[in-house]
Number of protein chains: 2
Amino acid sequence: MDPQNTTLQFLNDAASHFPSAISLAAGQPTECFLDRLNLPALMGTFFRHQAGTAALGLEAKSICTSILRYGPTAGLIRGLISQQLAIDENIAADPETMLMTSGCQEALSLCLPALCTEPNDVLLVCNPTYAGAICAAQMNRIEVRSIATYPVDLAEGLKETLENIRRTGRRVRALYLIPTFDNPTGRVLTEIQRRQILALCVENGVVILEDNPYGMFQFEDRAVPPLAALDCHGCVIYLTTFSKTLAPALRVGAIALPKTLFGDRLACQSLYRRLIERKSCLTINTSQIGQAVVGGVLIEQECSLQNWVRPACNLYHANRDAMLEELNAAFSDRSPIHWNRPNGGFFLSVTLPFVFDVEAALGCARDFGVLAAPMNLFSLDESQNNKLRLSFSNGSSEMIRTGIRRLAQYIRSRLILSSCPGRAQCEAQETHCEARPCLAQNTLCQIKEATSC
Amino acid sequence: MDPQNTTLQFLNDAASHFPSAISLAAGQPTECFLDRLNLPALMGTFFRHQAGTAALGLEAKSICTSILRYGPTAGLIRGLISQQLAIDENIAADPETMLMTSGCQEALSLCLPALCTEPNDVLLVCNPTYAGAICAAQMNRIEVRSIATYPVDLAEGLKETLENIRRTGRRVRALYLIPTFDNPTGRVLTEIQRRQILALCVENGVVILEDNPYGMFQFEDRAVPPLAALDCHGCVIYLTTFSKTLAPALRVGAIALPKTLFGDRLACQSLYRRLIERKSCLTINTSQIGQAVVGGVLIEQECSLQNWVRPACNLYHANRDAMLEELNAAFSDRSPIHWNRPNGGFFLSVTLPFVFDVEAALGCARDFGVLAAPMNLFSLDESQNNKLRLSFSNGSSEMIRTGIRRLAQYIRSRLILSSCPGRAQCEAQETHCEARPCLAQNTLCQIKEATSC
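What counts and how
Residue numbering note: each chain is counted from 1, following its sequence as written. Throughout, the order in which chains and ligands are written sets their labels, letters from A for the former and numbers from 1 for the latter. For this predicted model, a pLDDT threshold of at least 70 governs which residues receive local features, and a threshold of 80 or more governs which side-chain atom pairs are given and counted, while totals over whole chains, interfaces and linings are taken from all residues. With hydrogens and water set aside, each side-chain value is computed from the structure's full complement of heavy atoms. To get an axis, a line is fitted to the C-alpha atoms, and for a helix only the part in contact is used. The angle between two axes follows their N-to-C directions and goes from 0 to 180 degrees. Every helix listed is a DSSP run of H or I at least four residues long, and every strand listed is a run of E at least two residues long, numbered separately from the N terminus. For this classification, under 35 degrees means roughly parallel, over 145 means roughly antiparallel, 65 to 115 means roughly perpendicular, and everything else is oblique. Left-handed describes a crossing whose near helix is turned anticlockwise from the far helix through less than a right angle; right-handed describes the clockwise counterpart. Between two residues, a contact is recorded if the distance between any of their heavy atoms is within 4.5 Å. For this classification, Asp, Glu, Lys and Arg are treated as charged, while Ala, Val, Leu, Ile, Met, Phe, Trp, Tyr, Cys and Pro are nonpolar and the rest, including Gly, are polar. Superposition of the copies used a least-squares fit over C-alpha atoms from residues whose pLDDT is at least 70 in both. Accessibility here uses a 1.4 Å probe with only protein chains present; expressed as a share of the type maximum, an area under 20% marks a residue as buried, one over 50% as exposed, and anything in between as partly exposed. Here, a disulfide means two cysteine sulfur atoms that sit within 2.5 Å of each other. On a range of 0 to 100, pLDDT expresses the predictor's confidence in each residue. A 1.4 Å probe defines the accessible area here, and the buried area is the portion of it lost by two parts on being joined, summed over both. We define a salt bridge as a side-chain nitrogen of Lys or Arg found within 4 Å of a carboxyl oxygen belonging to Asp or Glu. Pairs of N or O atoms are called polar contacts if they sit within 3.5 Å, as long as, within protein, a hydrogen donor faces a hydrogen acceptor (for residues adjacent in sequence, only side-chain-to-side-chain pairs). For two strands to be treated as a pair, DSSP must find no fewer than two bridges joining them. Each Phe, Tyr or Trp ring, with Trp reduced to its six-membered ring, pairs with another whose centre is within 6.5 Å; inter-plane angles below 30 degrees give stacked pairs, above 60 give edge-to-face pairs, and intermediate values give tilted ones.

Peer 1: Describe the packing of helix H5 (residues 103-115) of chain A against helix H10 (residues 265-282) of chain A, listing the residues and the values that go with them.
Peer 2: Residues and elements named next belong to chain A. Where H5 meets H10, the closest approach of the two axes is 9 Å, and the angle between their N-to-C directions is 130 degrees. Taken together, the axes of H5 and H10 lie oblique to each other. Considering the relative orientation of H5 and H10, their crossing is right-handed. Contacts between H5 and H10 pair Glu106, Ser109, Leu110, Cys111, Pro113, Ala114 and Leu115 from the former with Leu271, Arg274, Leu275, Arg278, Lys279 and Leu282 from the latter. Along the lines of polarity and charge, the residues of the contact of H5 with H10 split into eight nonpolar, one polar and four charged.

Laid out in structure tokens, this is it:
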């Protein structure tokens, strides 16, 4: 469990160790618009809706009392979320087979062991993928295997991997996937890819756990439908969360089951019962305070978050543009540094000609004042050692520009360190410095030396 | 996992199926004083404390923003809780080895697999015990064994059980215990019993998970110190929760580790790291909204909840007295019905001369308008089939009186059904009706018949 846990802790805690560094590492949403969440007012809205009354003079007293008790195991606001999924994502989710969770992380902690019940069951993931999915599986002693994606297409890789695993006598029970604005890569699967993946999973009885925390943040082009909206075989369990659209501290997410599991309605009901049982044992129920706040927003926004997320979406769009501009300015086409251009979400991915691990990231934060997330934190093997994840969801465009300039300085210092024969040449323009991959781990001391170079 | 899950769902959901029945089943705290939890004001108090400023004019805006983000994995208010444990429980808990959880149930979901890491590790519990402890163990495939308590003393039973389990080659790694106002029995362990249990656990390297949700509700006599306050060997992990003292919906609890594990400081630090890792994977972190509310109360109450719980404690005291009075009025000394007289907490335990299972409880709720919790919901075997748990934490004394009168009617009808040769005699005084244990399961239909008798 160690590597993936390190990831979550790194992402959750590392920024606090370098308060003066600009963080391009954390995947948290902007805090600019959190002040719209007027907690008591939203709880009041929700309570009046629940009570089916328009008693506007209702005292704070009664609002508190009704929300502060234990609640039903499955949750309070499934109906509202079902409506929101229908409007915003074109997903038909039945409230009767939905379950509210303490954020999407708990949804994974519930679904993975409820699905992978046999010792030879395997969870399939992309590589890299969200570290929380890997550690939720490992915590439940579920084997995790990754799809061979490079250099083949994801669907092709999936087919090959399913065959390989079947040959070893193991069963791929579930595929964890973030099809839209993937964490950590920013990648979006096309509709064709989605349909290919769905067909393969239906054919092989593989349940897809579709995680979609970033789908609402589409900057340009037309949104690709979620897998759950394309699924007509009972193949996709949809996981939703309000941590990115509303606020992380609400700790509110939900699991939406399909109508059947591959046509079997009883199998789906049995899975739902197992999930409810596990929820009882894990955290009893999801805080009704958090649910009431989410419920209040959904009621006030007529069950669509499209208007609500617009200011944040515009900010992320501007931030992504600023990040891409600075990367373009810092590294020429001939440079060995590459990155992608996601049309939404929180992240983009940068490929470097040298290893960028946690030690390197901490050195970069300390000496260059910018924190980036090593991609190998999200990986099951060493294939991602030369990559990093940059987040454009936090701070202002100006901060992001400064952050990227600092990161560029760091990258140049690493390139110089690995390729320059003597210090004199280091004073030359960085684009003149022909970089070769530096596969040896540089000590922080070496990096410091390079800085003064 | 089924039986224990049924319990949690029964307790969480059953009352809603019989809205007109009086519930003496649910272990939830009274709602009478929930209106004191002014959420925005308490969050404001906490935020000003955190910011180290007395800026009373602080806008709701900034308060929200600071609380609505992700927070540190270990939690925000460990220092305040540490102070509260010192004042209210005489427990010296180091904030550096405390971890905030989404209620005590998550604390169990974290501790049990972090402690019981080997396949032959066993969790020991009392029988009956809190069902959530059993299902948290079973969910993690940890074997649960119970202490042989009847007819011997708990410490004697523990000694015998430890020896028996050791002989089978298995290791008792942890003992889950509610020493004060036990759920479900209401039993309080004496200080002598506690010291005996501690000595046995230290001798055998068994970690005690001390769960103490009810300890603050002491009606009379002097409080017995918690095990964690008596422990000087690093044997006790203390679990605290604010679900009963403040409000269930906060979903805030905490794990407090001892300074060492049986003298080994490194082992304790390693356990703490494992807990933090598991927390990251299970729910990432505990809602800062809930933590801020708890923090606000602790600041306003100068880190003691003694004054805060007084009104609820007085209510429970009066309710317990009403319950005991009605039980005394309904059943004479010669009656085969027995119960205990706990000097605090939420529950008492009733022994019946017939089986009282879920089916019986549902029949009783439907036909007699009172819901009681069958004790076998909390049991690992059939030894508790003739008992039930009554909760006096909910509703008014008058409601409790009515509830007990209805329960007495139900009990009489069962006694009559099992012992009266003919209907005519049923019209005699119930005390004339010499009851014999009715071990056969009565169908609801039979119970209905008895009612009309």
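After that view, the rundown keeps rolling.
Peer 1: Can you lay out the relation of the copies chain B and chain A for me, pointing to particular residues and giving the numbers?
Peer 2: Two chain copies, one operation linking them: a rotation about an axis together with a shift along it. Note on the copies: chain B fits chain A at an RMSD of 0.0 Å, the axial shift is 0.0 Å, and the rotation between them is 180 degrees. The symmetry that links the two subunits is that of a two-fold axis. Among all residues of chain B, the minimum C-alpha distance to the rotation axis is found for B:Pro40, at 3.4 Å. An overlap of 100% is found between the interface residues of chain B and their copies at the interface of chain A, pointing to a shared contact surface.

Peer 1: Outline the environment of B:Asn120, listing residues and values.
Peer 2: Residue and element names in this part refer to chain B. Mapped onto the elements, asparagine 120 comes out in the loop between helix H5 (103-115) and strand S3 (121-125). Overall, the relative accessible area of 31% leaves asparagine 120 in the partly exposed class. When the C-alpha positions of asparagine 120 and isoleucine 142 are compared, they lie 8.6 Å apart, and in sequence the two are 22 residues distant. Apart from the residues lying within four places of it in its own chain, the contact partners of asparagine 120 are Gly169, Arg170 and Arg171.

Peer 1: Give me the state of the cysteines: which residues, what numbers.
Peer 2: Counted according to the given criterion, the structure contains two disulfides over all chains. A sulfur-sulfur distance of 2.3 Å marks the disulfide that ties A:Cys281 to B:Cys135. Its S-S torsion of about -130 degrees marks the bond between A:Cys281 and B:Cys135 as left-handed, since a negative value means left-handed. With A:Cys281 in helix H10 and B:Cys135 in helix H6 (residues 131-139), this pair bridges two chains. Overall, the relative accessible area of 0% leaves B:Cys135 in the buried class. Of all cysteine sulfurs in the structure, the one in A:Cys313 sits closest to A:Cys32, which takes part in no disulfide; the separation is 14 Å.

Peer 1: An account of the confidence of the model for chain A is needed here, citing residue identities and associated values.
Peer 2: All names here are of chain A. Within chain A, residue pLDDT values average 88, and 86% of them lie at 70 or more. Considering only residues more than four positions removed or in separate chains, one finds that residues 422-453, a stretch of pLDDT under 50, has 49 contacts. Across the assembled chains, the prediction reports ipTM 0.88 with pTM 0.89.

Peer 1: Pulling in residues and values, what's your account of the interface of chain B and chain A?
Peer 2: Each partner contributes to the interface: chain B provides 56 residues, whereas chain A provides 56 residues. Approximately 5,100 Å² of surface area, both sides summed, lies buried where chain B meets chain A, with 58% of it carried by carbon and sulfur atoms. Its largest share of buried area at the contact with chain A, chain B owes to B:Leu68, B:Tyr70 and B:Cys281, together 14% of the area lost on that side. Our count for the contact surface shared by chain B and chain A stands at two salt bridges. With a shortest N-O distance of 2.7 Å, A:Arg69 and B:Glu31 are connected by a salt bridge. Our count for the contact surface shared by chain B and chain A stands at 20 residue pairs in polar contact (both at pLDDT 80 or more). Mapped onto the side of chain B that touches chain A, the elements with two or more residues apiece are helix H1 (2-17), helix H2 (39-51), helix H3 (60-67), H5, H6, helix H10 (265-283) and helix H11 (288-300) of chain B. For the side of chain B that touches chain A, the element with the highest residue contribution is H10(B), accounting for seven residues.

Peer 1: Which residues make up the sheet that holds strand S9 (residues 338-339) of chain A, and what values go with them?
Peer 2: Residue and element names in this part refer to chain A. As summarised here, the arrangement of the four strands in space is S9-S10-S13-S12, forming an open sheet in which the pairing is antiparallel. Edge positions in the sheet fall to S9 and strand S12 (373-374), since each has one partner strand and no second. Relative to strand S10 (residues 347-351), S9 runs antiparallel, the two sharing two bridges. The partner of histidine 338 across the bridge, within S10, is threonine 351.

Peer 1: With reference to specific residues and values, describe the packing of aromatic side chains.
Peer 2: Each aromatic ring pair is summarised here by two numbers: the centre-to-centre distance and the angle between the ring planes. Applying the stated criterion across every chain yields a total of 22 aromatic pairs over all chains. Look at A:Phe368 and A:Tyr410: their rings are 5.4 Å apart centre to centre, the planes differ by 75 degrees, and that puts the pair in the edge-to-face class. Here A:Tyr410 lies in helix H14 (residues 397-419) and A:Phe368 lies in helix H13 (residues 358-368), a separation of 42 residues in the sequence. A:Phe368 gets classed as buried once you look at its relative accessible area, which sits at 10%. Ring plane angle 55 degrees and centroid distance 5.4 Å describe the contact between B:Phe217 and B:Phe346, whose orientation is recorded as tilted. Of the two residues, B:Phe217 is situated in the loop between strand S6 (207-211) and helix H9 (227-230) and B:Phe346 in the loop between strand S9 (338-339) and strand S10 (347-351); the sequence distance between them amounts to 129 residues.

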